[in-house]
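# Remarks on the overall topology
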Amino acid sequence: MNPELQGRTFPPVAPYLVGREKVREFARAVFATSPLSLDPEAARAAGYADVVAPPTFAVVVQEHTLAQLLAEPGAGIDFSRVVHGDQRFSFTRPIVAGDELTATLTVTSVKSLGGNSMVTAQSEIVDAAGEHVVTAISTLVVRGDA
Amino acid sequence: MTSVQDATVGDVVAEATYELTRDSLVRYAGASGDFNPIHYRDDVAASVGLPGVLAHGMLTMGLAVQPVVDWAGDPGRVADYQVRFTRPVVVDPATGATVSVVGKVGAVTDDSVRVDLTVTYEGQTVLGKAQVLVRR
């Protein structure tokens, strides 16, 4: 894997429009039972504009930035050898249906460890006004040849 | 159960058991857009040396926080959530897989409560350093 990737920031990916039915579909898939994620009336009663995405919904937006990294010809990342090591989400506010989100990935660290490589990618996700919503951080382990 | 305002270190605030089936994995694949075939095809899983079809790590992460969301009463109160993927969850085509979640308060500050999750499958933990920060 190319160590010169460290510190590189990729161009922002195309904006992702968060749909109400997508949030509800995702909520059901992760066994969410909160009415705020499923019922727009309940969400509005709690002060939100629409249904509130479960915390890990951010990965759907982040995913487009990781695809950018894995597709980078100069990165030297063999997708078939990639294992998800760690994942973290840090929120300024939750994702709500109707949000138009833009994600930008920066490679914060590239390390070699016992024949494997570890790459940490940090995706900053902002809303249509440019305000921070959530930072998604993934560490991917790329298994060596041995 | 103790409230977010009254939480003290050591309180068990979240407890749940989830029955995962192959249907759960297909549903998550569609909802998330993660169509890696190791999560629904036995032949592909076997060809890369896996013991069987695995649950998406992000599905395990996604369901493990749900009892904490229910305790907090609002998914918007989750300020930070992190996990390490330490062991895969193999989902049998006939019998599925049972994943258990216990959340215990690990720290309390003026503005947040840290809930430490223990997530197990067949008696072994599958997530490491699984921590949720809940705004008070």
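These remarks concern the structure in this document.

The rules behind the values
Residues numbered from 1 in each chain as written. Chains lettered and ligands numbered in written order. Predicted model: local features only at pLDDT ≥ 70, side-chain atom pairs only at ≥ 80, totals over all residues. Heavy atoms only, no water. Buried < 20%, exposed > 50% of the residue type's maximum accessible area, 1.4 Å probe, protein only. Helix = DSSP H or I, 4+ residues; strand = E, 2+ residues; numbered from the N terminus. Pairing = 2+ DSSP bridges. Contact = heavy atoms within 4.5 Å. Salt bridge = Lys/Arg side-chain N within 4 Å of Asp/Glu carboxyl O. Polar contact = N/O pair within 3.5 Å; in protein donor to acceptor, adjacent residues only side chain to side chain. Nonpolar A, V, L, I, M, F, W, Y, C, P; charged D, E, K, R; others polar.

### Remarks on the pairing of strand β2 (residues 78-85) of chain B
The element β2 of chain B is largely enclosed, with a buried count of seven among its eight residues. Pairing of strand β2 (residues 82-91) of chain A with β2 of chain B involves five bridges; the strand directions are antiparallel. What sits directly across from Asp 86 of chain A, in β2 of chain B, is Arg 84 of chain B.

### So, the interface of chain A and chain B
One widely used convention gives an interface's size as the accessible area the parts lose upon coming together. Chain A puts 31 residues into the contact, and the matching count from chain B is 31 residues. At the junction of chain A and chain B, the tally comes to two salt bridges. Our count for the contact surface shared by chain A and chain B stands at 13 residue pairs in polar contact (both at pLDDT 80 or more). Among the secondary structure elements, those contributing two or more residues to the side of chain A that touches chain B are α1 (20-29), α2 (35-38), α4 (58-71) and β2 of chain A. Here the side of chain A that touches chain B takes eight residues from β2 of chain A, the largest share from any one element. For the side of chain A that touches chain B, the class distribution of residues is 16 nonpolar, nine polar and six charged.

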